[in-house]
Amino acid sequence: MAKKAIAYFCQNCGYESGKWMGQCPGCKEWNTFVEEVIDKKSVSNAGKATVHKAAEPTPISAITAMDEKRETTKMSELDRVLGGGVVKGSLVLVGGDPGIGKSTLLLQVCKNLSDQNFSVLYVSGEESLQQIKIRAERIGEFTDNLQLLCETNLATVREAIERKKPAYVVIDSIQTMYNEEIASAPGSVSQVRESTGILMQLAKGLGITIFVVGHVTKEGVVAGPRVLEHMVDTVLYFEGDRHESYRILRAVKNRFGSTNEIGVFEMRNEGLAEVKNPSEYMLSGKPTGAPGSVVACSMEGTRPILLEIQALVCHSFFNNPRRTTAGADFNRLNLLMAVLEKRLGLQLSDCDAYVNIAGGLKMTEPAIDLGIVLALISSKKDIVIDDKTICFGEVGLSGEVRGVSMAEQRVQEACKLGFDTCILPKVSLGSIKKTDGIRLIGVANVQEAYEAIQNRGK
Ligand code: TYD
Ligand code: MG
C-alpha cells in the first residue's frame, strides 16, 4: 500500500513544505501554499522522466553525434522558432494567455502534419469534439490521419497513445489532465508535475513528439511550478494583444535551437496566417509628416525588424511628471530622458513623456535607444523626421552613440523596404560593405543625431 502523506506546495513556484506558510521562501509570493495529498510512490516516480538504458558510463569520444531528426510543420514561422523544424521525440510546451490562439495554432500544426501522412492524436480536456470540429472547419479540410480524443484522465490518454502509437500528440491543456493516484485537484503542482513526467516518458520512450498547452498565470509565466519548464525540451510563448490581430511566438527555452528567434502570425477568420515580412506589417499605418514618430530597427535573432517608435512629450501639470512606455523598457526611457536633459540641455524634467512601439511589439534590444531618443527630440522640438529615414544605435550615459551588432543586415532590411537614409553609430559605418544607394549618416553622440534630423527636416 502506498503511503498517503500531506504536503504544502507553492502554486507559483512549486516549493514544497511540510507545513503551511504565509509567504513562500522560494518565490516570496504571499498566500500561494495549498495543501495537497501526495502519494509517496507516484511522486517519487515523477522525476524519472528519462529512461536510463546503460548504467555503464560511456567515454565521450565513443559517441557518434547524429543530427536530430527534424520534420517541418509546414509553417516556416513555427519551424524557425523551433530551430528549423520539430525534433522527433521532443516535448514542446506552448504557453499563452487565454484566447490568444494556442489551440488554433496547434490544430493547424495537426492539419499540416496529418497532411504529410503522419498520424496525429489531439487530446483535448477543454473542448468537446463538436467544438474542435467547428474550429477545424474554419481552418480547412482535415484527413483521417488526425484523431481526436476528449479526455482528462491521463491514464486513459496514456493507454490511447500506447495503443495507437501516433507520431505526434497534442495535449490541450496540461492543467486539465489528472492522475487518479494523486488526490489533489487537476492543475495543482503535483498533478501538473506528474502528468508532465508521464508525457516525457512517453515522448522519449516511444519517440513521439508531444506538444503540450500550458495556461499562464497573470504574471505571464506558465501556471504550475517552474519545474515544468525545466522538464520539457522546448518552451514557447504565444503572445500578443488580444485586441490586435498579430501574434508573436517566442522561444524561451530550446534544447534544439536558439531562443532569439520569433515567429509572427496574424489571426484571421480562417485561423492563423504567417506574416513573412513583419517589418512591412509593423510599419503599415505609420502616419506621415507627424512629429514624434521615427522608424527604428531591432534584431530578433537573425531577422531584422523595422518598427515605428512614437513619443509624445508635453508639459506636465503634476509635481511628478508622468512617464509611460508601451513595448519599450520604462527604466530605459527615464535613463534616456536624463541623458537628453544633461547632454543636449533639453528641458524635459517638467514634461510628461509617453513612448509607444506601434503594433504592440515588446522590444528590449538597446539598439532602439537612438530611435527613442530621436522620437523624444522630434516630439519636444516639433521636428518632423523624414518618412524615409531609419535609425538604430545604443545610447550611453555620456550621450555617446555606441555600435551595435549586425549593422549591415539592418541597413539591408531598410533598403528592401525603400528607405533612403539611415542614421547609425559612426563606429558601425566600417562594417557596412554594401549600401545599395542608401545614404548613411554616422553619428558619434546624441548631439550629432539631433543635427542630422534638423538638417533633414528643413
Ligand atoms: P483559441 O485557439 O481558442 O485560444 P486559446 O486556445 O489560446 O485559448 O483562440 C481563440 C480566439 O481566436 C477566439 O477569440 C477566436 C479567434 N479565432 C479567430 O479569430 N479565427 C479563427 O479561425 C479561429 C479558429 C479562432
Ligand atoms: Mg484553447
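Residues numbered from 1 in each chain as written. Chains lettered and ligands numbered in written order. Predicted model: local features only at pLDDT ≥ 70, side-chain atom pairs only at ≥ 80, totals over all residues. Heavy atoms only, no water.

### Looking at the overall build of the protein chain
Summing up its helical and strand segments, the protein chain has 12 helices and 23 strands in all. Every one of the 458 residues in the protein chain was classed for burial, and the buried ones make up 50%. Expressed as a percentage of contacts within the protein chain between residues at least 6 apart in sequence, the contacts between residues at least 24 apart total 66%. Only carbon and sulfur atoms are counted for the fraction: they give 51% of the accessible area of the protein chain, which is about 21,200 Å². Averaging the coordinates of the 53 positive side-chain charges in the protein chain and doing the same for the 55 negative ones gives two points 3 Å apart. (Helix = DSSP H or I, 4+ residues; strand = E, 2+ residues; numbered from the N terminus. Buried < 20%, exposed > 50% of the residue type's maximum accessible area, 1.4 Å probe, protein only. Contact = heavy atoms within 4.5 Å. Areas by Shrake-Rupley, 256 points an atom, 1.4 Å probe, with all protein chains shown as cover. Lys, Arg positive; Asp, Glu negative; His and termini not counted. Charge placed at Lys NZ, Arg CZ, Asp CG, Glu CD.)

### Comments concerning the site of ligand 1
Surrounding ligand 1, one finds 15 residues, the nearest of these being Ser 103, Thr 104, Arg 135, Arg 268 and Asn 269. Between ligand 1 and Arg 138, the relevant distance is 3.2 Å, taken from a nitrogen atom to a side-chain nitrogen or oxygen of the residue. Computed on the free molecule, ligand 1 has an accessible area of 560 Å², of which 74% lies beneath the protein chains in the complex. Contributing elements (two or more residues each) for the shell around ligand 1: α3 (102-115), α4 (129-139) and β13 (262-268). If you tally residues by element for the shell around ligand 1, the top one is α3, at 3 residues. Looking at the shell around ligand 1 residue by residue, the class counts come to 3 nonpolar, 6 polar and 6 charged. (Near = heavy atom within 4 Å. Polar contact = N/O pair within 3.5 Å; in protein donor to acceptor, adjacent residues only side chain to side chain. Nonpolar A, V, L, I, M, F, W, Y, C, P; charged D, E, K, R; others polar.)

### Description of the sheet that holds strand β16 (residues 303-315)
Taken in spatial order, the 7 strands make up an open sheet running β17-β18-β16-β15-β19-β22-β23, and their pairing is mixed. This sheet does not close on itself; its edge strands, each paired only once, are β17 (323-326) and β23 (439-443). Geometrically, the sheet is characterised by an average inter-axis angle of 25° between neighbouring strands, direction not taken into account. In terms of strand pairing, strand β19 (residues 389-391) meets strand β22 (residues 421-425) through 3 bridges, oriented parallel. Across the sheet, the residue bridging to Cys 391 is Ile 423, located in β22. Sheet strands touched by helix α9 (residues 330-344): β17 and β18 (351-357). Its angle to β17, the strand with the most contacts, is close to 130°. Strand contacts of helix α10 (residues 369-381): β15 (293-300), β16, β18, β19, β22 and β23, with the helix running at about 35° to β16, the strand carrying the most contacts. (Pairing = 2+ DSSP bridges. Axes fitted to C-alpha atoms, helices over the stretch in contact; angles between N-to-C directions.)

### A word on the packing of α9 against α10
Contact geometry of α9 with α10 gives a least axis separation of 10 Å together with a crossing angle of 60°. Taken together, the axes of α9 and α10 are oblique relative to one another. Crossing of α9 over α10 shows right-handed handedness. Contacts between α9 and α10 involve Arg 332, Leu 333, Leu 336, Met 337, Leu 340 and Leu 344 from the first element and Asp 369, Ile 372, Val 373, Leu 376 and Ile 377 from the second. Grouping the amino acids of the contact of α9 with α10 by side-chain chemistry returns 9 nonpolar, no polar and 2 charged. (Parallel < 35°, antiparallel > 145°, perpendicular 65-115°, else oblique. Left-handed = near helix turned anticlockwise from the far one by under 90°.)

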